[in-house]
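Chain by chain, the residues:
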Amino acid sequence: HLSATAISSLPPLTYGTDCAGIDVGAYALRRMGFPFEHTFTSETNTAEQKALEANFDIRRFDPDVLTRDSSSLPSVDLYTAGFPCQPFSIAGQKRGLEDIRSKPLLAVLDYIRTKLPKAFMLENVPGLMTILQGTVLSSILDDLKKDDRYHVFHTKLNAKDYGCHQNRPRLFIVGIRSDIENSDTFEFPSPVARRGNIDEILDFTNRPPLGTLPPESQASARSHVEKAINTIRQYGGDPDTTTYVVD
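Report follows, based on the coordinates. (Residues numbered from 1 in each chain as written. Predicted model: local features only at pLDDT ≥ 70, side-chain atom pairs only at ≥ 80, totals over all residues. Heavy atoms only, no water.)

Details of the packing of helix α4 (residues 103-115) against helix α5 (residues 135-145)
Note the threshold: Each axis is a line fitted through C-alpha atoms, and for a helix only the stretch in contact is used; angles between axes span 0 to 180 degrees, taken between their N-to-C directions. In this text, helices come from DSSP runs of H or I with a minimum length of four residues, and strands from runs of E with a minimum of two, each type numbered from the N-terminal end. When an angle is under 35 degrees it counts as roughly parallel; over 145 it counts as roughly antiparallel; between 65 and 115 it counts as roughly perpendicular; any other value is oblique. Should the near helix be turned anticlockwise from the far one by less than a right angle, the crossing is left-handed, and should it be turned clockwise, the crossing is right-handed. The contact criterion used throughout is that any non-hydrogen atoms of two residues lie within 4.5 Å. Under the scheme applied, nonpolar residues are Ala, Val, Leu, Ile, Met, Phe, Trp, Tyr, Cys and Pro; charged residues are Asp, Glu, Lys and Arg; polar residues are all the others, including Gly.
Closest axis-to-axis distance for the α4/α5 pair is 10 Å, and the angle between their directions is 20 degrees. Viewed along their axes, α4 and α5 adopt a mutual orientation that is roughly parallel. Handedness of the α4/α5 crossing: right-handed. The residues of α5 that touch α4, namely those facing Leu105, Leu109, Ile112 and Arg113, are Ile140, Asp143 and Leu144. Among the residues making up the contact of α4 with α5, the classes are represented as 5 nonpolar, no polar and 2 charged.

Section: the nonpolar core
Selection criterion: Here, nonpolar core means buried Ala, Val, Leu, Ile, Met, Phe, Trp, Tyr and Cys residues that are tied together by side-chain atoms lying within 4.5 Å of each other. Relative accessible area decides the class of each residue, using a 1.4 Å probe on protein chains only: under 20% of the type maximum gives buried, over 50% gives exposed, and in between gives partly exposed.
Core analysis: the largest hydrophobic core is formed by 29 residues, its most contacted members being Tyr79, Ile112, Phe120, Leu122, Leu144 and Ile173. Elements with a minimum of two residues in this core: β4 (78-81), α4, β5 (119-124), α5, β6 (150-158) and β7 (169-177). Take this core: its biggest share by element is 6 residues, from α4. Not counting chain neighbours up to four residues away, the residues in contact with Leu144 comprise Leu109, Ile112, Phe120, Leu122, Arg149, Tyr150, Val152 and Ile173. Ala20, Ala26, Leu29 and Leu52 belong to the second largest nonpolar core, which has 7 residues in total.

Quick look at a nonpolar patch on the surface
Note the following rule: Every patch collects residues that have over 30% relative accessible area and no salt bridge, joining them within 9 Å if they carry like charges and within 5 Å if they are nonpolar side chains (Val, Leu, Ile, Met, Phe, Trp, Tyr). Under the convention used here, a 1.4 Å probe and the Shrake-Rupley method define accessible areas, while residue burial counts only the protein chains that appear. Think of a salt bridge as a Lys or Arg side-chain nitrogen and an Asp or Glu carboxyl oxygen that are within 4 Å of each other.
Together, Ile22, Val24 and Tyr27 make up an exposed nonpolar region whose accessible area comes to about 270 Å². By the element assignment, Tyr27 lies in helix α2 (residues 24-32). Given a relative accessible area of 31%, Tyr27 falls into the partly exposed group.

Focus on the packing of aromatic side chains
Here is the rule we go by: Think of it this way: a Phe, Tyr or Trp ring, Trp meaning its six-membered ring, pairs with another when their centres are within 6.5 Å, and the plane angle makes it stacked under 30 degrees, edge-to-face over 60, tilted otherwise.
All chains considered together, the criterion is met by 8 aromatic pairs. Seen from their ring centres, Tyr15 and Phe36 are 5.9 Å apart, and the 80 degrees between their planes marks the pair as edge-to-face. Of this pair, Tyr15 sits in strand β1 (residues 13-18) while Phe36 sits in strand β2 (residues 36-42), and the two are 21 residues apart along the sequence. Exposure remark for Tyr15: the relative accessible area of 0% places this residue in the buried category. Grouped by ring-pair contacts, the aromatic residues Phe40, Tyr79 and Tyr111 constitute a single cluster.

Things to note about α2
Three or four residues apart is the spacing at which side chains of an α-helix point the same way, because the helix has 3.6 residues per turn. Quick note on the threshold: It is the directions from the helix axis to the C-beta atoms that the arc portrays.
For α2, the set of buried residues is Gly25, Ala26 and Leu29. For α2, the angular spread of buried residues about the axis comes to 100 degrees, placing them on one side. Along α2, exposed side chains directed more than 90 degrees from the buried face belong to Val24 and Arg31. Those residues of α2 that are buried are in contact with β1, β2 and β4. Looking one or two residues beyond α2, the residue adopting positive phi is Gly33, at roughly 85 degrees.

Structure follows, in structure tokens:
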């Protein structure tokens, strides 16, 4: 564990990411005060491309990881990727690597295999742990561990256990190159005691008066909210004093 002063005095970390989304990895580095150079990224979604370009100084931006040659990229200290989850979700067709949407994963593995970043972190849905009797995850881990290049660790973590305002279980795969000192001693963080309160992230600037229901023209939404209010009270809750989110 390093102090904020010690972190800020470190030399800049070289960082690269694929299938970035809004790139929460870069936000995390920034929030912790780690100096870093955003070496490269890829993202196909045009809205997220604009967000990335607005928020980070990225040296190289490839819109599509599938059209990029990994050999043209530099190796980095830290590489992250959140490849598409549809082939591995329990809500999908569960085709795994046979699904064409798994191709970005193959590009991610190719970068790691070709450029050997010092460390990597991959994220996906927990269904990847069980789909096709776990054979897909085993294949991925075998590729990452090939020739003893990396010490690889994986587990399921839930955002709600780390102070976030969302129930979001996800599989995390972390690899640290074997030539890095103490690379075999990595441990995933333990859950924190504090859980986030939804009030901390809601904008109440234009909050309607207490007791306001959806309009009668939205009969289905109005009915759902009325049922939710009754259920909350049935179980001892008070929707007049405590915030609830109704889907």
